[in-house]
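Below are the chains, spelled out letter by letter.
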Number of protein chains: 2
Amino acid sequence: MTLTDLRYLVALARERHFGHAAERCNVSQPTLSVAIKKLEDELAVTLFERSAADVKITDIGARIVAQAEKVLLEAGQIKELATAGRDPLSGPLKLGVIYTIGPYLLPHLIPRVHAAAPSMPLLIQENYTVRLAESLKRGDLDVIVVALPFEEPGIVTQAVYDEPFRVLMPAGHAWEQEASISAKRLAEAPLLLLGAGNCFRDQVLEVCPLCRSGEGLQRTLEGSSLETIRHMVATGAGITVLPSSAADPLPDGNPLLTVRPFEAPEPFRRIALAWRVTYPRSGAIDVIRSAILGSPLPGVRPVTR
Amino acid sequence: MTLTDLRYLVALARERHFGHAAERCNVSQPTLSVAIKKLEDELAVTLFERSAADVKITDIGARIVAQAEKVLLEAGQIKELATAGRDPLSGPLKLGVIYTIGPYLLPHLIPRVHAAAPSMPLLIQENYTVRLAESLKRGDLDVIVVALPFEEPGIVTQAVYDEPFRVLMPAGHAWEQEASISAKRLAEAPLLLLGAGNCFRDQVLEVCPLCRSGEGLQRTLEGSSLETIRHMVATGAGITVLPSSAADPLPDGNPLLTVRPFEAPEPFRRIALAWRVTYPRSGAIDVIRSAILGSPLPGVRPVTR
DNA sequence: AGCAACGATAGTGATTAACTATACAACGCT
DNA sequence: AGCGTTGTATAGTTAATCACTATCGTTGCT
């Protein structure tokens, strides 16, 4: 029993004439005859009473035809679903973002994605890189925004932008006089850092290896966020390092904080999109990338590669 | 897209492993791989993300799988319907009976059919032979009980029993003294007859050709029934001829009527079943035939042919 | 009786669906 | 880092199926 057979069946039930039904199905009359006979054999019931005068459907035949129509209707729905789902920009996209990007990127990203793909709602999760990676591989997320390096089997990454680091200090700090800060000198100051698990913490420590050993000068704030650290810096608890997207908007109207760039070579992080190699909605990813690059993130440099 | 493809699809969705799904479908892994790919091409959507680690279903894939399950469920119902309808003794049987048999046969027939085939309710129609024939050919009836001769294209008949005719007269009638009546003498008496269209009327006139011409002696009662005629005979309005099944039960406890057989050769009618050659429920016909022969119809002789 | 209409059957070719064997990709392990 | 393992895709072949044309058989009609 195939869907084609069922189509022949309902056509014959409607036409009550093998020739006409065959014509309507764009097949020859013998084709339809054989198909109906095969169906009858398979079901072991007589569906039609054939005679020269006309074709009569049996009681059981009528019931089976009604059911066949239901099957064909439901089968048609599959094509409808496929057509509706063909657009990569339709249906929700599960997006993951690391903590040190989310608050600065998402307010710009969300309206831009909505404008570009109105029928693609974003389901957003903020988390650590490792958690995002797990969710991505498991299929709980479709695309994630992380900092490089990020190497995972089965995952492809695409760099989107580079973002320089900035030094954030309380207004009136001694370094305020300098136009740029050398990375080495971070070890001299009480440096406020995010807790373990935040990739940005590791990247900062990489910038200033001395900070790792120069204990006492550095304070790790477990379970905290860049925003919390920013407030602590404002109260004079120490200095910190922020990505430009978080640091550069600050001084405007915030008299308690001062931002300074690093001396060249400026340390930076490279932000990338990552998704499963097998993920089929590449169009959706393009939209995300464009929306990120279209967001006003101060200091960032697009990676054109 | 075939039902087989859909079965492969839901199997893969359940197993999330091409090999296992193939095994469950009793096909090879490449068969399943190719079928899924073909489906994806046809629908122009990616249903699964394949990777070495595992097989993930896409959003659209999950929706389509759900729909495919619905289709398969409905398709399964077709087989259920066929199985249920395979029994020729299940489902209603549309039975037609001529007026001159119905009242005498049906009270016996109905309980016997119900006992032999409890799930085959009888939908009964009484009518003239010609009307029954039309309905039978049109499919409004499945089987009819008529008197022979009955020849119709596309209709087969099977004789069931012969039924002798009887003379019915009021008690005290002159012929009461005789053991049997000669058919010729019917023309002498006021003969009450059914209206045109009743085959039994024609058969009686055939028994006694003189009655046709010997006008005045005969009265046609349009729109009447044998039962009405019986009552008229009881009131002395004339005599009549009845089939034995209608006549023989009468004298018991009816002092107003007398029944006499005809002289040999006894005139009789042959009662038969008729159905479309194409009618598939021969088992149902057998049940009807057996039930008729099992009914206590006085005077009838089964036709064993 | 012959004809016309219609469905069934026979025979043939093309498509498809299944198989086995094997290639290819990705991951994990020593 | 190479190698084995696991898992899916591909190649090539065979068998089954589907649909065609041609024709037959039946039935009802003129």
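Residues numbered from 1 in each chain as written. Chains lettered and ligands numbered in written order. Predicted model: local features only at pLDDT ≥ 70, side-chain atom pairs only at ≥ 80, totals over all residues. Heavy atoms only, no water.

Chain A carries the name Hydrogen peroxide-inducible genes activator in an unreviewed UniProt entry, which gives Zoogloea oleivorans as its organism. We quote the UniProt Sequence similarities (unreviewed entry) comment for chain A here in full: "Belongs to the LysR transcriptional regulatory family." (UniProt positions renumbered as here; feature names shortened; annotations may be inferred.)

Visitor: Quick question: what am I supposed to make of the domain arrangement of chain A here?
Guide: For an interface, size is often stated in terms of accessible area lost upon the parts coming together. Taken as a whole, chain A is organised into domain 1 (3-85) and domain 2 (87-305). The distance between the C-alpha centroids of domain 1 of chain A and domain 2 of chain A comes to 62 Å. (Domains from an automatic or database assignment.)

Visitor: Looking at this model, I keep getting lost on the pairing of strand β6 (residues 155-170) of chain B. Mind explaining?
Guide: If a strand is regular, its side chains alternate between the two faces of the sheet. Residue and element names in this part refer to chain B. β6 sits mainly inside the fold: 13 of its 16 residues count as buried. Inspection of the sheet shows β6 paired to strand β11 (residues 268-276) by nine bridges, in the antiparallel sense. Bridged to Ile155 within β11 is Arg276. Where β6 meets strand β12 (residues 301-302), two bridges bridge the pair, whose relative direction is antiparallel. Bridged to Asp162 within β12 is Arg301. Bridging between β6 and strand β10 (residues 257-261) involves five bridges; their strand directions are antiparallel. The residue bridging Arg166 from the neighbouring strand is Pro261, located in β10. (Buried < 20%, exposed > 50% of the residue type's maximum accessible area, 1.4 Å probe, protein only. Helix = DSSP H or I, 4+ residues; strand = E, 2+ residues; numbered from the N terminus. Pairing = 2+ DSSP bridges.)

Visitor: For this particular structure, what's the right way to read helix α3 (residues 29-43) of chain B?
Guide: Each turn of an α-helix holds 3.6 residues, which means side chains three or four residues apart point in the same direction. For α3(B), with 15 residues, the first-to-last C-alpha span of 21 Å sits near the 21 Å given by 1.5 Å per residue. Within α3(B) the residues assigned to the buried category are Leu32(B), Ala35(B), Ile36(B), Leu39(B), Glu40(B) and Leu43(B). Projection of α3(B) onto a plane perpendicular to its axis shows the buried side chains occupying an angular sector of 135°, all on one side. When the buried face of α3(B) is taken as reference, the exposed residues oriented beyond 90 degrees from it are Val34(B), Lys37(B) and Asp41(B). Tucked inside the fold, the buried residues of α3(B) contact α4 (59-85) of chain A together with α1 (3-15), α2 (18-24), β1 (48-50) and α4 (59-85) of chain B. (Expected span 1.5 Å × (residues − 1). Arc of directions from axis to C-beta. Contact = heavy atoms within 4.5 Å.)

Visitor: Can you walk me through the relation of the copies chain B and chain A in this structure?
Guide: Copy one and copy two of the chain differ by a rotation about an axis and a translation along that axis. Mapping chain B onto chain A is achieved by rotating through 179° and translating by 0.0 Å along the same axis, at an RMSD of 0.2 Å. Seen this way, the second copy is the image of the first under a two-fold rotation axis. Among all residues of chain B, the one whose C-alpha sits closest to the rotation axis is Val71(B), at a distance of 2.7 Å. A share of 100% of interface residues in chain B that are also interface residues in chain A marks the association as one of identical surfaces. (Least-squares fit on C-alpha atoms with pLDDT ≥ 70 in both.)

Visitor: Teacher, can you tell me more about the protein's contact with DNA strand D here?
Guide: Looking at DNA strand D, there are 21 residues lining it, with Ser28(A), Thr31(A), Ser33(B), Arg50(B) and Pro153(B) nearest. For DNA strand D, the backbone portion of the atoms within 4 Å of the protein, that is sugar and phosphate, comes to 75%. Within the contact set of DNA strand D, a phosphate oxygen lies 3.3 Å away from a side-chain nitrogen or oxygen of Lys38(A). One nitrogen or oxygen atom from the main chain of Gly154(B) is found 3.0 Å from a phosphate oxygen belonging to DNA strand D. (Near = heavy atom within 4 Å. Polar contact = N/O pair within 3.5 Å; in protein donor to acceptor, adjacent residues only side chain to side chain.)

Visitor: Can you walk me through the protein's contact with DNA strand C in this structure?
Guide: As a structural note, the neighbourhood of DNA strand C is formed by 21 residues, with Ser33(A), Arg50(A), Pro153(A), Ser28(B) and Thr31(B) the closest of them. Sugar plus phosphate, as a fraction of atoms of DNA strand C within 4 Å of the protein: 78%. Backbone polar atom of Phe18(A) to a phosphate oxygen of DNA strand C: 3.3 Å apart, as the coordinates give it. Interatomic distance of 2.3 Å between a side-chain N/O atom of Thr31(B) and a phosphate oxygen of DNA strand C. Sorting the residues of the surface near DNA strand C by element identifies α2 (18-24) and α3 (29-43) of chain A together with α1 and α3 of chain B as the ones contributing at least two each. At four residues, α3(A) tops the list of elements feeding residues into the surface near DNA strand C.

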